[in-house]
Amino acid sequence: MAERGQNIFYGAFTERPKHLDPVQSYSEDEASFLYQIVEPPLQYHYLKRPYVLEPATALEMPRVRRYGRDGRELRADADPAAVTQTVVEIRIRPGILYQPHPAFARKEDGSPRYLGLSADDLRAVRGLGDFADSGTRELLAADYVHQIKRLAHPRLHSPIFELMAEYIPGLKTLHAQLLAAQQAASADGGAELDLERFELPGVEVIDRFSYRITLQGAYPQFLYWLSMPFFSPVPPEVDRFFAQPGMAERNLTLDWWPIGTGPYMLVENNPNARMVLARNPNYRGDAYPCEGEAGDTEAGLLADCGQPMPFIDRLVFSREREGIPYWNKFLQGYYDASGVSSDNFDQAVSLSSQGEVALSEDMEAKGIRLLTSISPSIFYLGFNMLDPVLGGGPSKAEKDKARKLRQAISIALDMEEFVSIFLNGRGLPGMSPIPPGIFGAHEGRAGINPVVYEWRGGETAAGGHAQRRSRDEAARLLAEAGWPNGRNAQTGEPLVINLDTTPGGLGDKARSDWLAKQFRALGVQFVVRPTDFNRFQDKIRQGNAQLFFFGWNADYPDPENLLFLLHGPQGKVKFNGQNAANYANPEYDRLFERMKAMPDGAARQQIIDRMVAMLQQDAPWIFAFHPKAYSLQHGWVLNRKPGSMVRNNMKYQRLDIARRAEARAAWNEPVLWPLALVALLIAGLIAPALLHWRRRERATAAAGVGESGGRS
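Residues numbered from 1 in each chain as written. Predicted model: local features only at pLDDT ≥ 70, side-chain atom pairs only at ≥ 80, totals over all residues. Heavy atoms only, no water.

Caption draft 1: Looking closely at the packing of aromatic side chains. Tallied over the entire structure, the rule returns 38 aromatic pairs. Their ring planes at 65° and their centres at 5.4 Å tell us that phenylalanine 131 and phenylalanine 241 sit as a pair that is edge-to-face. Of the two residues, phenylalanine 131 sits in the loop between helix 2 (119–122) and helix 3 (141–150) while phenylalanine 241 sits in helix 7 (residues 236–242), which places them 110 residues apart along the sequence. In this structure phenylalanine 241 comes out as buried when scored by relative accessible area, which is 2%. Taken together, a centroid distance of 3.8 Å and an interplanar angle of 5° make the contact between tyrosine 167 and tyrosine 219 stacked. On the criterion of sequence distance, the pair formed by tyrosine 167 in helix 4 (residues 161–167) and tyrosine 219 in the loop between strand 8 (210–216) and helix 6 (222–225) is long-range, its members being 52 residues apart. Each member of the pair, tyrosine 167 as well as tyrosine 219, is classed as buried. Here the aromatic cluster, defined as three or more aromatic residues joined through ring pairs, consists of Tyr26, Tyr44, Tyr51, Tyr224, Trp225, Phe230 and Tyr556. The positively charged end of lysine 366 is found above the aromatic ring belonging to tryptophan 667, 3.9 Å away from the centroid. (Phe/Tyr/Trp six-rings, centres within 6.5 Å; stacked < 30°, edge-to-face > 60°. Helix = DSSP H or I, 4+ residues; strand = E, 2+ residues; numbered from the N terminus. Buried < 20%, exposed > 50% of the residue type's maximum accessible area, 1.4 Å probe, protein only. Lys NZ or Arg CZ within 6 Å of the ring centre and 35° of its normal.)

Caption draft 2: Molecular detail of the sheet that holds strand 5 (residues 73–74). Ordered in space as 5-4-6-8-7, the five strands form an open sheet in which the pairing is antiparallel. Edge positions in the sheet fall to strand 5 and strand 7 (203–207), since each of these pairs with one other strand and no more. The pairing of strand 4 (residues 63–67) with strand 6 (residues 85–91) spans five bridges and is antiparallel. Within strand 6, the position partnered with tyrosine 67 by the bridge is glutamine 85. (Pairing = 2+ DSSP bridges.)

Caption draft 3: Examining empty space enclosed by the protein more closely. Within the structure shown, the criterion is met by three cavities of 30 Å³ or more. There is about 170 Å³ of room inside the largest cavity. In terms of lining, the largest cavity is formed by 19 residues, of which the most central are Tyr35, Pro40, Leu42, Gln43 and Asn648. Partitioning the lining of the largest cavity into residue classes produces 10 nonpolar, five polar and four charged. Size it by volume and the second largest cavity reaches roughly 110 Å³. (1 Å grid on protein atoms, 1.4 Å probe; cavity = no way out; pocket = protein on both sides within 12 Å on 5 of 7 lines; lining within 4 Å. Points joined across faces, edges and corners; volume = space filled by probe spheres on them. Nonpolar A, V, L, I, M, F, W, Y, C, P; charged D, E, K, R; others polar.)

Caption draft 4: Region of the structure containing the nonpolar core. Counting 132 residues, the largest nonpolar core has Ile213, Phe222, Trp225 and Phe231 as the members making the most contacts within it. At six residues, helix 19 (residues 602–618) tops the list of elements feeding residues into this core. Sequence-distant contacts of phenylalanine 231, that is, excluding residues within four places in its chain, are made with Pro40, Pro41, Tyr144, Ile148, Leu151, Ile160, Met164, Phe222, Trp225 and Leu226. (Core = buried A, V, L, I, M, F, W, Y, C linked by side-chain atoms within 4.5 Å. Contact = heavy atoms within 4.5 Å.)

Caption draft 5: Region of interest: the side chain of glutamate 237. Along the chain, glutamate 237 turns up in helix 7. Assessed through its relative accessible area of 12%, glutamate 237 is described here as buried. Look past the residues within four positions of glutamate 237 in its chain and what remains in contact with it is Ala103, Phe104, Arg106 and Arg137.

Caption draft 6: Structural context of helix 3. Burial within helix 3 is extensive, with nine of its 10 residues counted as buried. Among all positions of helix 3, only Ala141, Asp143, Tyr144, Val145, His146, Gln147, Ile148, Lys149 and Arg150 are buried.

Caption draft 7: Here's a closer look at the sheet that holds strand 9 (residues 264–270). Read from one edge of the open sheet, four strands run 1-11-10-9, paired in mixed fashion. The sheet is open, and its two borders are formed by strand 1 (8–13) and strand 9, each paired with just one other strand. Averaged over all pairs of adjacent strands, the angle between their axes in this sheet comes to 20°, without regard to strand direction. Where strand 9 and strand 10 (residues 274–279) come together, six bridges link them in antiparallel fashion. Across the sheet, the residue bridging to asparagine 270 is arginine 274, located in strand 10. (Axes fitted to C-alpha atoms, helices over the stretch in contact; angles between N-to-C directions.)

Caption draft 8: Just helix 13 (residues 471–480), in detail. Looking only at helix 13, the buried set comprises Ala474, Leu477 and Leu478. Buried residues in helix 13, looked at end-on, bunch into an arc of 105°, giving them a common side. Contact partners of the buried residues in helix 13: helix 11 (396–412) and helix 14 (509–522). Just past helix 13, the residue glycine 482 takes up positive phi, approximately 95°. (Arc of directions from axis to C-beta.)

Caption draft 9: The arrangement of the packing of helix 11 against helix 13 in detail. Two elements in contact, helix 11 and helix 13, have axes whose closest approach is 8 Å; the angle formed by their N-to-C orientations is 160°. Overall, the two elements helix 11 and helix 13 adopt an arrangement that is roughly antiparallel. Where helix 11 crosses over helix 13, the handedness of that crossing is left-handed. Residues Lys401, Lys404, Leu405, Gln407, Ala408, Ile411 and Ala412 of helix 11 lie in contact with helix 13, whose contacting residues are Arg471, Ala474, Leu477, Leu478 and Glu480. When grouped by side-chain class, the residues that make up the contact of helix 11 with helix 13 number seven nonpolar, one polar and four charged. (Parallel < 35°, antiparallel > 145°, perpendicular 65-115°, else oblique. Left-handed = near helix turned anticlockwise from the far one by under 90°.)

Caption draft 10: Region of the structure containing the state of the cysteines. Tallied over the full model, the rule gives one disulfide. Disulfide pairing is shown between cysteine 290 and cysteine 305; the S-S distance is 1.9 Å. Taking the torsion about the sulfur-sulfur bond, which here is approximately 90°, the covalent link between cysteine 290 and cysteine 305 counts as right-handed. Highlighted residues: cysteine 290 in the loop between strand 10 and strand 11 (314–319) and cysteine 305 in the loop between strand 10 and strand 11, separated in sequence by 15 residues. On the basis of relative accessible area, cysteine 290 is assigned to the partly exposed category, the value being 46%. Under the relative-accessibility criterion, cysteine 305 is labelled partly exposed at 35%. (Disulfide = S-S within 2.5 Å.)

Caption draft 11: Layout of a nonpolar patch on the surface. There is a patch of nonpolar side chains on the surface, built from Val678, Ile682, Leu685, Ile686 and Leu690 and spanning about 480 Å² of accessible area. Along the chain, leucine 685 turns up in helix 21 (residues 673–711). We classify leucine 685 as exposed; its relative accessible area is 69%. (Patch = residues over 30% accessible without salt bridge, like charges linked within 9 Å, V, L, I, M, F, W, Y side chains within 5 Å. Areas by Shrake-Rupley, 256 points an atom, 1.4 Å probe, with all protein chains shown as cover. Salt bridge = Lys/Arg side-chain N within 4 Å of Asp/Glu carboxyl O.)

Caption draft 12: Looking closely at the environment of proline 599. In this structure, proline 599 sits in the loop between helix 18 (586–595) and helix 19. In sequence terms proline 599 and proline 220 are 379 residues apart; their C-alpha atoms lie 7.5 Å from each other.

Caption draft 13: Expanded view of the pattern of salt bridges. On inspection of all chains with the given rule, the structure shows 43 salt bridges. The closest approach of N and O atoms between aspartate 286 and lysine 651, which form a salt bridge, is 3.1 Å. Of the two residues, aspartate 286 is situated in the loop between strand 10 and strand 11 and lysine 651 in the loop between strand 24 (637–638) and strand 25 (654–655); the sequence distance between them amounts to 365 residues. In terms of burial, aspartate 286 and lysine 651 fall into one category: buried. The salt bridge partner of lysine 404 is glutamate 480, with a shortest N-O separation of 3.0 Å. Taken together, the residues lysine 404 in helix 11 and glutamate 480 in helix 13 connect sequence positions 76 residues apart. Here the salt bridges do not stand alone but share partners, grouping Lys404, Glu454, Arg456, Arg469, Glu473, Arg476 and Glu480 into one network.

As structure tokens, then:
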């Protein structure tokens, strides 16, 4: 191999990235590439847990000021309801350079080398590497403002436009202006919009390295958004470069070739085969962190304290459509890391009688390490609160009975068993919408859902455990709800619960059979109603579903991003929001409005505890599970720490190249005995024929000699 012995990380991906333009990209499949290339002003500390924001390109953490209705600045702990404006000022570090790019190439007179390109100029161009010259320039505050403007571009359809427009109303103003300009440009031949000709109210450049964003109201979670690619810089020169005629036809777009100031740059984009990132020669080489959490020193995660990053020269990701080849190549050492799927779970790990997961002996013998973490996600079975059976009628008595019905079902559906059977134990049964590791979640006895569980043993998770309440208790609640033994107490008709789903979800045969068994033990009839995705979405939007299975991955590590899923003004039917259960509780909504704008602390925790207790009692969801992320890495991969929020993780990792080469050689020694066996078999087949031929030749020669002697 030409790459043997080189400082290259080898990985794999299964789903092709669809968008690499930071204004559009919102997928985990894309994040693994994009976060290595672009740099928002903030990032998460690589080692600290719970997650902590820190400057990336920013010189320091942004300055945040809040103002009241009279225009006077408020204290940081002021009532969020009194805040009318929040001003966020970001100052970036001088001297940061972009990766080499042809958009920055200049002629001798200083003008752009590659603007005004003709069809002839582009005839031989298929990628950025086909341009002979490239250049760079310093990162400026105006580049960040330019990208925020791009959120409003009508052609780009940013997935966060609507949300951000609530807090930066100027985005809607700019969107309307750009839409009108685009229509006018189409009438005149379709010239590309020049965003530099438009202002964005509420977002402004202060000076060369500083910019200001003015938000409507209080929104402390905005700082988390400043760690995402949506708020990374895009130079106007690059937009102009890619907007030239003939570029898009050659996949020469920002969506295909992202640009950034990060440690790596994309040098090969073949999403059906492989993606290659190379070290950015202009990267500033920031230092590896020198502090983390308990256990990081023992795990060797602080050994490179203060060393310049990145450590790896090249990242090569190959697409693997099938799990078995991916797994086998990892075992041979050709991939440096791998996920743990259902297909290879039994080979990779072993489960103890207590349900604890450990590496299998084969994996340990190879020096492979197992990394685990709880994902900041929740999967849940949602009850449609507008359904007359599950949500109840208008009276308090009817609502109380429906609440007891939901509680009974929540107890009866054994999520521990579900996780064990269908996820190989790769999940933690949910107690509330908030996953462990995010502010607001509790451990031990304080963290259980008392409606569904009771605590046995000591107060802490080390000395005690949560135990699901008995099915007898579920049957009692079912009877109190007016459905003794699963039948209407007045009419005798059976209780039928319908699960609305799409093919391949909870409606597949194994899972639906399991659910039917759980309901049957409660005396309740269970029906799966599978539909195609579009029809299912219509049912959810119109409130025609009864029971459904959803999941949510937190965008940022804040309880607001999970508790909003049950906020009344986010109701799916009435407001087309994310509250698919259509749960509405005025007290919960009031507390949510207070909590979402508060800083973390005892006062915020107290409100969150009250909100969670309401959800546990009202049971609009069955809090199914928080998924566990399992990944494997070879022993030669260093500084790798799990953490779903930290996506710019490749610059921190290091490889022991010599150790990898030694292991590959040992694990992939050529096996020669089959060749020897084949040679012997061939020899065995050929030998009789050869002997027969030689006998025949001798006999022919002897006969010839005899005939000659007779003539003489």
